[in-house]
Amino acid sequence: GENVEQHPSTLSVQEGDSAVIKCTYSDSASNYFPWYKQELGKRPQLIIDIRSNVGEKKDQRIAVTLNKTAKHFSLHITETQPEDSAVYFCAASRANTGNQFYFGTGTSLTVIP
Amino acid sequence: GAVVSQHPSWVICKSGTSVKIECRSLDFQATTMFWYRQFPKQSLMLMATSNEGSKATYEQGVEKDKFLINHASLTLSTLTVTSAHPEDSSFYICSARVEGGSTGELFFGEGSRLTVL
């Protein structure tokens, strides 16, 4: 089965700085890699995703990069704001309806004002 | 985006009782739903894949008789925690993908926090 590892587990940055979270996966058949943000006591929300036919995707202050050969992908948040503070999860999946998502262990991001 | 609704949000029960959690896809049909368990400050652990009209597929280490899953329709899956004990206290979240959707995005319910006394 798929094994997703995520680092770091906690991350503190000053407001305005960048934050980078990294994940690796083991199943070469995985082709869909979403990132979810979860605030305390709430459901995870998709913030950005990338498919295996793309190396990089950007949405305003958030970007994700994917290296299929090395089986790792990263989340980049620039110009961080206090409201970015949350737990972030990466995941890997095969992009078919019935296939499971496997989540990383999560990164607790704190943006210090 | 698609909406997944989960009920109840909070439930407190006594040891030995059973608790049922419902997961509904409100504006789409879901042949498959996924049930996750989340401990405080930890990741989402996949418990089982719920398949409409057939038996659920459980992940290794998850007790089938403990966590009963029923997927009776294309919009409803239920998780029943049987003979609950304090160690079953956790946050349970269901999720589903849109059938035939192009994004592959997984939509989550609000989650159900179970406390077993």
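Note: the structure precedes this text.
Residues numbered from 1 in each chain as written. Chains lettered and ligands numbered in written order. Predicted model: local features only at pLDDT ≥ 70, side-chain atom pairs only at ≥ 80, totals over all residues. Heavy atoms only, no water.

Enquirer: Where do I start with the pattern of salt bridges in this structure?
Expert: Pairing is possible between side chains that carry opposite charge, provided their charged atoms lie close to one another. Using the criterion set out here, one finds eight salt bridges over all chains in the structure. Measuring nitrogen to oxygen at the nearest pair gives 3.8 Å for the salt bridge that ties Glu110(B) to Arg43(A). Pair noted here: Glu110(B) is in the loop between strand 10 (106–108) and strand 11 (112–116) and Arg43(A) is in the loop between strand 4 (32–38) and strand 5 (45–51), and the two residues belong to different chains. You can call Arg43(A) partly exposed: its relative accessible area is 25%. The partner of Glu22(B) in a salt bridge is Arg24(B), and the shortest N-O contact between them spans 3.4 Å. Here Arg24(B) falls in the partly exposed class, since its relative accessible area comes to 35%. Residues joined in a network through salt bridges with shared partners are Lys37(A), Glu39(A) and Lys42(A). (Salt bridge = Lys/Arg side-chain N within 4 Å of Asp/Glu carboxyl O. Helix = DSSP H or I, 4+ residues; strand = E, 2+ residues; numbered from the N terminus. Buried < 20%, exposed > 50% of the residue type's maximum accessible area, 1.4 Å probe, protein only.)

Enquirer: Explain the interface of chain B and chain A to me, please; I cannot follow it from the model alone.
Expert: Put simply, an interface is often sized by how much accessible area is lost when its parts join up. If you look at the interface, chain B gives 25 residues, while chain A gives 24 residues. For the pair chain B and chain A, the summed buried surface comes to about 1,800 Å²; carbon and sulfur atoms form 52% of the total. Together, Ser43(B), Arg97(B) and Phe108(B) form the three largest contributors to the area buried by chain B at its contact with chain A, with a combined 29%. Summed over the shared surface of chain B and chain A, the number is one salt bridge. (Contact = heavy atoms within 4.5 Å. Buried area = accessible area lost by both parts, 1.4 Å probe.)

Enquirer: What should I look at first to understand the state of the cysteines in this one?
Expert: Here, the word disulfide means a covalent bond between the sulfur atoms of two cysteines. Scanning the entire structure with this criterion turns up two disulfides over all chains. A sulfur-sulfur distance of 1.9 Å marks the disulfide that ties Cys23(A) to Cys90(A). Its torsion about the S-S bond being -100°, the disulfide of Cys23(A) and Cys90(A) is classed as left-handed. Linking Cys23(A) in strand 3 (residues 19–25) with Cys90(A) in strand 9 (residues 86–93), this pair joins segments that are 67 residues apart in sequence. Here the two residues Cys23(A) and Cys90(A) agree in accessibility, since each one is buried. One disulfide in the model links Cys23(B) with Cys94(B); its S-S distance is 2.0 Å. Residues Cys23(B) and Cys94(B) are joined through a disulfide that is right-handed, its torsion about the S-S bond being 85°. Placement of Cys23(B) in strand 3 (residues 19–25) and of Cys94(B) in strand 9 (residues 90–97) is noted, with a sequence separation of 71 residues between them. (Disulfide = S-S within 2.5 Å.)

Enquirer: Just to check I follow, could you spell out the sheet that holds strand 3 of chain A for this structure?
Expert: Remark on secondary structure: sheet strands pair via backbone hydrogen bonds, oriented parallel or antiparallel. Residue and element names in this part refer to chain A. Across the sheet, which stays open at both edges, the five strands sit in the order 1-3-8-7-6 with antiparallel pairing between neighbours. Across the chains shown, the open sheet's two edge strands, defined by having one partner strand only, are strand 1 (4–7) and strand 6 (56–59). For this sheet, the mean angle separating the axes of adjacent strands, direction not counted, is 15°. Sheet analysis places strand 1 next to strand 3, joined by four bridges and oriented antiparallel. Note that in strand 3 the partner of Glu-5 across the bridge is Thr-24. (Pairing = 2+ DSSP bridges. Axes fitted to C-alpha atoms, helices over the stretch in contact; angles between N-to-C directions.)

This is a description of form; function is not addressed.
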